[in-house]
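Architecture at a glance
One-letter residues, chain by chain:
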Amino acid sequence: MAIKSKVLVVGGTGYIGRRIVAASLAQGHTTYVLKRPESGLDIEKLQILLSFKKQGAHLVEASFSDQDSLVRAVKLADVVICTMSGVHFRSHNILLQLKLVEAIKRFVPSEFGMDPARMGGALEPGNETFEQKMVVRKAIEDANIPHTYVSANCFAGYFVGNLSQLGTLTPPSRDQQVVIYGGGNVKVVYVDEDDVGTYTIKAVDDERTLNKTVYIRPPENVMTQGELVAMWEKLSGQQVQKVDLSAQDFLASMEGKDVATRAGIGHFYHIFYEGCLANFEIGEDAAEASSLYPEVKYTRVHEYLQIFL
């Protein structure tokens, strides 16, 4: 039986991080979780960390302001997975990963969304996220660190239950309109966050994913926004009020908004108007997770929507 890599998760109390930790423990890896003193009196983070400890994870104290402590933590593991936030409406900590590069044996940096290598023409201010991720990639590759990049597309929690609407997380009420982006005919990829954790941990000991990008593109979850809305109407038994929004009008809605909202609008534009998640073939320098690991029973979009019924 192959020896499983020891895994260190940085950002383990976060939205994706806690799923990575859970998957690592479930799949039998010795799992370390970074505990940062900067968390201070954040009781919720502490309780999450202690729950991981009860499940068998090892808590390792280290700070990004103390490089020696980071190096000691990194040296405990064979693989470091970083899940620190890279979105504007949360903390934006992508470049802190540069402090982790020293002593890493294999690195899965904080990406998990759109592939930044394909987003060179992204709109401001959302382009900052992709540019910073590429800075981290360059540091990894310049240092010849074995790595795997994970592109997990649209998280179900943010894009499925709300029928891909900005500003809400739940399905529309009877008197709410649903914005359809440019006819709703562009293919999108929706992924349950727990499945992101499962696939990521599957990849850490897989030579087929070494120095490659792994796209999580479950075939039954590749659909248009229009198909998503129709699926909800069928499951709920009620028609929703739809209003189609052109690309021009959608981009015009950026005016006067704060940075985080403008970044979100820009990302939605690339996803739902340009089709950046599914408008390309996955080449030989990359891999697709559900094909690599067909044994994983991923959550289908219709199953996720049933939570809201």
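Note: the structure precedes this text.
I will try to describe carefully the structure that is included in this document. What you see is a predicted model; the values in this text were computed from it and never measured.

1. Considerations on a nonpolar patch on the surface
Where nonpolar side chains cluster on the molecular surface, the patch consists of Ile 43, Leu 46 and Leu 50 and spans about 250 Å² of accessible area. With respect to the helices and strands, the residue Leu 50 is situated in helix α2 (residues 43-54). The exposure class assigned to Leu 50 is partly exposed, which follows from its relative accessible area of 40%.

2. A look at unusual backbone geometry
In this structure, Pro 125 follows Glu 124 across a cis peptide bond, with omega equal to -5°. Along the chain, Pro 125 turns up in the loop between β5 (107-108) and α4 (127-142). Non-glycine residue Asn 144 carries a positive phi angle of around 55°. Residue position: Asn 144 is located in the loop between α4 and β6 (148-151). Accessibility expressed as a relative area gives 68% for Asn 144, which makes it exposed. Of note in this structure, Leu 163 is not a glycine but carries a positive phi near 60°. Along the chain, Leu 163 turns up in the loop between α5 (156-159) and β8 (177-181). Judged by relative accessible area, Leu 163 falls into the buried class, the value being 0%.

3. As for the sheet that holds strand β7 (residues 154-155)
Spatial ordering of the open sheet is given by β7-β9-β11, a layout of 3 strands whose pairing is mixed. Both edges of this open sheet fall to β7 and β11 (222-224), since each of them pairs with a single strand only. Most of the contacts of helix α7 (residues 225-236) go to β11, to which it runs at about 90°, and overall it touches β9 (187-191) and β11.

4. Considering the packing of aromatic side chains
Enumeration over the complete set of coordinates arrives at 14 aromatic pairs. An aromatic cluster is built from Phe 159, Tyr 181, Phe 250, Phe 268, Tyr 269, Phe 272 and Tyr 273, whose rings are joined through pairwise contacts. It is Arg 19 that lies over the ring of Tyr 15; its NZ or CZ is 4.7 Å from the centre. Over the ring of Phe 280 we find Arg 118, and its NZ or CZ is 3.7 Å from the ring centre.

5. Describing the packing of helix α1 (residues 17-26) against helix α6 (residues 193-203)
Relative to each other, α1 and α6 sit at 50°, their axes nearing to 8 Å. As the angle between them shows, α1 and α6 are arranged oblique. Crossing angle aside, the handedness with which α1 passes α6 is right-handed. When α1 is examined against α6, the residues Arg 19, Ile 20, Ala 23 and Ser 24 are found in contact with a partner set consisting of Glu 193, Asp 194, Val 196, Gly 197, Thr 198, Thr 200 and Ile 201. In the contact of α1 with α6, the residues fall into 4 nonpolar, 4 polar and 3 charged.

6. A short note on the side chain of Asn 162
Checked against the element boundaries, Asn 162 lands in the loop between α5 and β8. Classification of Asn 162 as buried rests on a relative accessible area of 1%. A polar side-chain atom of Asn 162 sits 2.9 Å from the main-chain amide nitrogen of Ser 164. Each residue touching Asn 162, except ones within four places of it in the same chain, is listed here: Thr 168, Leu 169, Thr 170 and Pro 171.

7. With respect to the nonpolar core
Counting residues in hydrophobic clusters, the biggest one holds 67 residues, and the most contacted among them are Ile 81, Phe 112, Tyr 190, Ile 271 and Phe 272. Per-element tally for this core: the top contributor is helix α9 (residues 259-272), with 5 residues. Apart from residues lying up to four places away in sequence, Tyr 190 is in contact with Cys 154, Phe 159, Val 160, Ser 164, Asn 221, Met 223, Gln 225, Leu 228, Phe 272 and Val 301. Counting residues in hydrophobic clusters, the runner-up holds 23 residues, among them Leu 34, Phe 64, Met 84 and Ile 94.

What counts, and at which threshold
- Residues numbered from 1 in each chain as written.
- Predicted model: local features only at pLDDT ≥ 70, side-chain atom pairs only at ≥ 80, totals over all residues.
- Heavy atoms only, no water.
- Patch = residues over 30% accessible without salt bridge, like charges linked within 9 Å, V, L, I, M, F, W, Y side chains within 5 Å.
- Areas by Shrake-Rupley, 256 points an atom, 1.4 Å probe, with all protein chains shown as cover.
- Salt bridge = Lys/Arg side-chain N within 4 Å of Asp/Glu carboxyl O.
- Helix = DSSP H or I, 4+ residues; strand = E, 2+ residues; numbered from the N terminus.
- Buried < 20%, exposed > 50% of the residue type's maximum accessible area, 1.4 Å probe, protein only.
- Pairing = 2+ DSSP bridges.
- Contact = heavy atoms within 4.5 Å.
- Axes fitted to C-alpha atoms, helices over the stretch in contact; angles between N-to-C directions.
- Phe/Tyr/Trp six-rings, centres within 6.5 Å; stacked < 30°, edge-to-face > 60°.
- Lys NZ or Arg CZ within 6 Å of the ring centre and 35° of its normal.
- Parallel < 35°, antiparallel > 145°, perpendicular 65-115°, else oblique.
- Left-handed = near helix turned anticlockwise from the far one by under 90°.
- Nonpolar A, V, L, I, M, F, W, Y, C, P; charged D, E, K, R; others polar.
- Polar contact = N/O pair within 3.5 Å; in protein donor to acceptor, adjacent residues only side chain to side chain.
- Core = buried A, V, L, I, M, F, W, Y, C linked by side-chain atoms within 4.5 Å.

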